[in-house]
Amino acid sequence: MPTATLGCTLEPPQRGAPPAQLANKGGTYEHQTCTGHISSKLPRRNSLGKHRSRLGLAGCAPKENKGAEEANAETGSTSSDWLGSEPTVQESDIVETIDTEFLIVGAGTGGLFAACAAGEEGIETFVLEKYNGGVVRDDVGGVNSRLQQESGYTMDLQEYLLDMNHYAAGQCNLNLHKTWYEKSGETIDWYETVLDQYGVKLWHEAAEEKHETNYKHWATGHSPAWPEDGSLNGFTVLSDYAEKTGHVTFRYNTPMVKLVVEGDKVVGAIGKGENGYIQVNASKGVLVSTGGYGINVDMQKALQPHTTSLYGFNSAQPGCEGDGIKACLWAGAKMDDTHSSMLFDRGGLPADSLGGADCGVGTLFWMGSQPWLKVNLNGERFCNESGTYDFVLHSDAQQPGSIHVTLWDADFATYAEQFDMHGCSRLFPFDNGAAPNIPIQAVMGMNEELAAKGYIQKADTLEELAGKLGLPADALIATVERNNENYDNQVDPDFGKEPFRLSPVRNPPFYGIRNTGMLLCTMDGININTQGQALRADGSVIEGLYVTGNDSGGYYSMTYPNLSTGNACGRTVTFGRMIAKNLAK
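This section reports on the structure supplied with the text.

1. Some remarks on the overall build of the protein
Then, number 1: Of the regular secondary structure elements, the protein holds 16 helices and 21 strands.
Then, number 2: Counting all 585 residues of the protein, 64% fall into the buried class.
Then, number 3: Put simply, of all contacts in the protein between residues at least 6 apart along the chain, 75% involve residues at least 24 apart.
Then, number 4: Accessible surface, the protein as shown: approximately 19900 Å² in total, 47% of it carbon and sulfur.

Written out as structure tokens, the structure is:
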């Protein structure tokens, strides 16, 4: 992504330290955003039983990242020609050749689970990593794990598949979902066992619905309670475990340049290290798991321009520039025809901004996913605020400026608990004592900082608040009065929001913020079969080429089903582990 787009740089992740853009300093989370440095005195998650290391979502690339324009220049591509030509590497330019059985490209979430499984199976494995270390997501979705069974939670396969099909409007391969459903429990159980060896507890985020809801919640999330001193995280644990198998070798600071194809088969890849090009020959196969193209805004503008108008804060992980997808396409694979991204409604904007991927001022507004009263720039309510994280963002596309304004009052903590949210938007402990990603006390501190920086606006009257947010006062007052009436009557005749998710805006001071999307990753990728093998346009298998995670496709379309907690991460690790174990057969 062009560095000018979001206006800041970050140091690349260091091996042995948390690779996400998060530093823990004496109980303080410090995370870099593209509007500056936000430091919040957040209670550690494991003070409530868990810890989440991914609060430091940052919408910019590391210093060593090349901007999309520079990266595209190397392959001769532009935003309209985003793919470009496959790089040519002369045999004489290769300074090192490595022979192995299994090559993994990307030491992130999917790559590390695959590396551990391969090492356990005795497969000689080589891992190419673009930077000093990858990032491992914490919310891992799974079905029928030991922890889920202990919680007494059960799911119905057919009901689940029907829900996933609805979210994707039929544009998904349900056999891929079924594979995850049937195999993810074993992957979660394995992860729980490994984490226990390092003294880390894995939790199931157990929560039963206490009210009738418009959209079903699937309690699939599992997350680790990392130590408070920050000494361990998913990368440090899994890379250490993989190396200790004696069969896995990591090569850092060596991005893949292209795949090596002989005939109709992928037999390896070429990477570029500090001393030049290296070729890795893999007799059993190559797994591509480089994280999609969430950082590559030019590629997004070419493939999904609608998305770039719906977010103003980019939290995609460093290095997710589309390298893996492009390499697979050059090798003959097919990509999804529908292009979309995972968007959460947690992008905060100053009161004079309209957002968009190039706005340069978006920041993290964690409380955005709560079903508060939300209005357009005309001060009018326009949707049911209780749904998936991206429903309101897609509704934004039909509104002035493609953004909304979120409103709440002094009693917001009471209503936030009443909302009984699930997944990462939950601000209170789960039914089994598992702690939320960020507790309400920490969110209050984050909100105070957003107010101090001019994002959240505070006022004693609605007229004053309207002026600060650039809304017509008369229209806003009328909307709030209607909202309060709905709350008092415990019914929403306008958009059908559930009664327990209605909240009044009545008790001053009043608060508001211009709200837009936060991009986490892209969701479209290379077509695969249920074995994780890359497919051509005619459906034939590209021998030797496997894909998982955000580089793979056929799973989502337009909307991410966040009500199945950890779904994307769970898919990534389940397929990564399955692919490696299958190679041992």
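2. Comments concerning empty space enclosed by the protein
Then, number 1: Scanning all chains against the criterion turns up six cavities of 30 Å³ or more.
Then, number 2: Every element with two or more residues in the lining of the largest cavity is listed here: α3 (109-120), β14 (341-349), β19 (510-522) and α16 (567-583).
Then, number 3: Considering each element in turn, the lining of the largest cavity owes the most residues, three residues, to α16.
Then, number 4: Counted by class, the lining of the largest cavity contains 19 nonpolar, 19 polar and six charged residues.
Then, number 5: Put simply, the second largest cavity is a space of about 120 Å³.
Then, number 6: Considering only residue class, the lining of the second largest cavity consists of four nonpolar, seven polar and three charged.

3. Notes on the nonpolar core
Then, number 1: Counting 124 residues, the largest nonpolar core has F102, L103, Y191, L259, W408 and I526 as the members making the most contacts within it.
Then, number 2: Residues in contact with L103, not counting those within four places in the same chain, are F126, L128, G268, A269, V280, A282, G285, V286 and L287.
Then, number 3: Counting 18 residues, the second-largest nonpolar core is a separate cluster that includes V405, L469, L476 and V480.

4. Observations concerning the packing of aromatic side chains
Then, number 1: Evaluated as defined, the whole model comprises 21 aromatic pairs.
Then, number 2: Seen in terms of ring centroids, F250 and Y252 are 5.7 Å apart; in terms of plane orientation they differ by 10°. Their pairing is stacked.
Then, number 3: Ring geometry for W372 and W408: centres 6.4 Å apart, planes at 35°, overall tilted. With W372 in the loop between β15 (363-364) and β16 (373-375) and W408 in strand β17 (residues 404-408), the pair connects residues that are 36 residues apart, well separated along the chain.
Then, number 4: On the accessibility criterion, W372 (1% relative accessible area) is buried.
Then, number 5: Look at W408 and you get buried, because its relative accessible area is 2%.
Then, number 6: An aromatic cluster of at least three residues, connected via ring pairs, comprises F365, W372, W408, F412, F419 and Y511.
Then, number 7: Taking the ring centre of W203 as reference, the NZ or CZ of K201 above it sits at 5.0 Å.

5. Comments concerning α16
Then, number 1: The terminal C-alpha atoms of α16 lie 24 Å apart, and with 17 residues this matches the ideal 24 Å at 1.5 Å per residue to within 8%.
Then, number 2: In terms of burial, α16 is a largely internal element, 15 of the 17 residues being buried.

6. Description of the sheet that holds strand β6 (residues 140-141)
Then, number 1: Ordered in space as β6-β8-β7, the three strands form an open sheet in which the pairing is antiparallel. Bordering the open sheet on either side are β6 and β7 (201-204), each of which pairs with just one other strand.
Then, number 2: Here β6 runs beside strand β8 (residues 221-225); their pairing, made up of two bridges, is antiparallel. Opposite G141, over in β8, you have G221 as the bridge partner.

7. Details of the side chain of K326
Then, number 1: Mapped onto the secondary structure, K326 falls in helix α10 (residues 323-330).
Then, number 2: No salt bridge is formed by the buried K326; its nearest oppositely charged neighbour, D323, is found at 6.3 Å.
Then, number 3: A polar contact of 3.2 Å, which involves the side chain of K326, links it to the backbone oxygen of W82.

8. Remarks on the pattern of salt bridges
Then, number 1: Taken as a whole and judged by the stated rule, the model has 23 salt bridges.
Then, number 2: Where E485 meets R482, a salt bridge forms, and the shortest distance between an N and an O atom there is 3.5 Å. On the criterion of helical spacing, the pair formed by E485 and R482 is a turn pair, its members being three residues apart in helix α15 (residues 473-489).
Then, number 3: On the accessibility criterion, R482 (32% relative accessible area) is partly exposed.
Then, number 4: Residue D494 is joined to R482 by a salt bridge in which the shortest nitrogen-to-oxygen separation is 2.8 Å. Separated by 12 residues along the polypeptide, D494 in the loop between α15 and β19 and R482 in helix α15 bring together distant segments of the chain.
Then, number 5: Among the residues examined, D494 registers a relative accessible area of 35% and is labelled partly exposed.

9. Considerations on the pairing of strand β11 (residues 265-273)
Then, number 1: As judged from the six bridges shared by strand β10 (residues 256-262) and β11, these two strands associate in the antiparallel manner. Along β11, the bridge assignment pairs M256 with G271.
Then, number 2: Hairpin connection of β10 to β11: two residues between the antiparallel strands, including G263 at a positive phi of 70°.
Then, number 3: Pairing between β11 and strand β12 (residues 276-288): six bridges, direction antiparallel. Note that in β12 the partner of G271 across the bridge is I278.

10. Describing the environment of N432
Then, number 1: Turning to its location among the elements, N432 is positioned in the loop between α12 (412-419) and α13 (440-452).
Then, number 2: Considered as a pair, N432 and E205 are 227 residues apart in the sequence and their alpha carbons are 7.5 Å apart.
Then, number 3: With residues up to four places along the chain from it excluded, the contact list for N432 reads S151, W203, H204 and A206.
Then, number 4: Here H204 takes part through its backbone oxygen, which lies 2.8 Å from a polar atom of the side chain of N432.
Then, number 5: A polar contact of 3.2 Å, which involves the side chain of N432, links it to the backbone nitrogen of A434.

11. Comments concerning helix α6 (residues 174-197)
Then, number 1: Taking 1.5 Å of rise per residue, the 24 residues of α6 would be expected to cover 34 Å, and the 35 Å separating its terminal C-alpha atoms lies within 8% of that figure.
Then, number 2: At the C-terminal side of α6, G199 shows a positive phi close to 75°.

Reading the values: the criteria
All residue numbers here refer to positions counted from 1 along the written sequence of the relevant chain. This being a predicted model, a pLDDT of at least 70 is required before a residue's local features are given, and a value of 80 or more before pairs of side-chain atoms are given or counted; all residues contribute to the totals for chains, interfaces and linings. As a rule here, side-chain values cover all heavy atoms of the structure and leave hydrogens and water aside. We count a stretch as a helix when DSSP gives it H or I for four or more residues in a row; a strand needs E for two or more, and each element gets its number in order from the N terminus. When a residue's accessible area, from a 1.4 Å probe over protein chains only, is under 20% of the maximum for its type it is buried; when over 50% it is exposed; and in between it is partly exposed. The contact rule is simple, with two residues in contact once any of their heavy atoms fall within 4.5 Å. For the area figures, the Shrake-Rupley method with a 1.4 Å probe applies, and any residue is considered shielded solely by the protein chains shown. In the cavity and pocket records, a cavity denotes points on a 1 Å grid over the protein atoms alone where a 1.4 Å probe fits but cannot get out, a pocket denotes an open set with protein on both sides within 12 Å along at least 5 of 7 lines, and lining residues are residues with an atom within 4 Å of a point. Grid points are joined across faces, edges and corners, and a volume is the space filled by probe spheres set on the points. Residues were grouped as follows: Ala, Val, Leu, Ile, Met, Phe, Trp, Tyr, Cys and Pro as nonpolar; Asp, Glu, Lys and Arg as charged; and all remaining residues, including Gly, as polar. In plain words, nonpolar cores are sets of buried Ala, Val, Leu, Ile, Met, Phe, Trp, Tyr and Cys residues tied together by side-chain atoms within 4.5 Å. Paired rings are identified among Phe, Tyr and Trp, the last through its six-membered ring, by centres lying within 6.5 Å, and are further divided according to the angle between planes into stacked (under 30 degrees), edge-to-face (over 60) and tilted (the rest). Criterion for a charge above a ring: Lys NZ or Arg CZ within 6 Å of the ring centre, and within 35 degrees of the ring normal. The span you would expect from a helix comes to 1.5 Å times its residue count less one. Strands qualify as paired when DSSP identifies two bridges or more between them. In this tally, Lys and Arg are treated as positive and Asp and Glu as negative; His is ignored, and so are the chain termini. Salt bridge, as used here: a side-chain nitrogen of Lys or Arg that lies within 4 Å of a carboxyl oxygen of Asp or Glu. Under this definition, polar contacts are N or O atom pairs within 3.5 Å; protein pairs additionally need one hydrogen-donor-capable and one acceptor-capable atom, and for neighbouring residues in sequence, both atoms have to be side-chain atoms.

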